[in-house]
Amino acid sequence: SGKILVAPLTGPAWVYLLVQAKGLICEKGSLLSHTGIISRELGIPCVTGVAKASSILRSGDIVLLDGDQGTVERLDYV
C-alpha cells in the first residue's frame, strides 16, 4: 500500500508490521540495528537515526525516503 513505518525504535516483536511496510524511518538505530538488518532482509528502504521523526511526521504525510543516501524529505503535509 506504499505505507512507510515511522517509529522511535523497533524490535523482534515488530516483524509483523515491518513486513507490511514499504519503507522504515526510525529515530534510533544504525546499519547494524534490528531495523537496519530486517530492512535489508526484506529489501525495503530504511533510514535510522532520524531525530524526532515520530513527532514530526504524521500519518498521511507524503515523504521521499532514500535508503541509499540516508535521507528523508517531507513533500506534503496532511
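Structural data are supplied above this passage.
Model, not experiment: these values are computed from the prediction.

The rules we used
Residues numbered from 1 in each chain as written. Predicted model: local features only at pLDDT ≥ 70, side-chain atom pairs only at ≥ 80, totals over all residues. Heavy atoms only, no water. Helix = DSSP H or I, 4+ residues; strand = E, 2+ residues; numbered from the N terminus. Rg over C-alpha atoms; globule rule 2.2 N^0.38 Å. Buried < 20%, exposed > 50% of the residue type's maximum accessible area, 1.4 Å probe, protein only. Contact = heavy atoms within 4.5 Å. Areas by Shrake-Rupley, 256 points an atom, 1.4 Å probe, with all protein chains shown as cover. Lys, Arg positive; Asp, Glu negative; His and termini not counted. Charge placed at Lys NZ, Arg CZ, Asp CG, Glu CD. Pairing = 2+ DSSP bridges. Axes fitted to C-alpha atoms, helices over the stretch in contact; angles between N-to-C directions.

Caption draft 1: Examining the overall build of the protein more closely. Each helix and strand in the protein was counted, giving three helices and five strands. Beginning at the N terminus, the succession of helices and strands in the protein can be written as β-α-β-α-β-α-β-β. Whereas a compact globule of 78 residues would reach a radius of gyration of roughly 12 Å, the protein reaches 11 Å, a difference of no more than 12%. For the protein, the spread of C-alpha atoms along the three principal axes comes to 30 × 25 × 20 Å. The burial tally for the protein puts 31% of its 78 residues in the buried class. Long-range pairs, those at least 24 residues apart, make up 20% of the contacts in the protein with a sequence separation of at least 6. Surface summary for the protein: the accessible area is close to 5100 Å², and the carbon and sulfur share equals 57%. Averaging the coordinates of the 7 positive side-chain charges in the protein and doing the same for the 7 negative ones gives two points 7 Å apart.

Caption draft 2: The sheet that holds strand β3 (residues 46-48), seen in detail. Strand order in the open sheet made by the three strands is β1-β2-β3, with parallel pairing throughout. Of all the strands in the sheet, just β1 (4-7) and β3 have a single pairing partner and so form its edges. Ignoring which end each strand starts from, the neighbouring axes of this sheet average 10 degrees apart. Bridge count for strand β2 (residues 23-26) against β3 is three bridges, and the pairing is parallel. Bridging across to β3, Ile25 finds its partner in Val47. On the sheet, helix α2 (residues 34-42) packs against β2 and β3 and is oriented at approximately 170 degrees with respect to β3.

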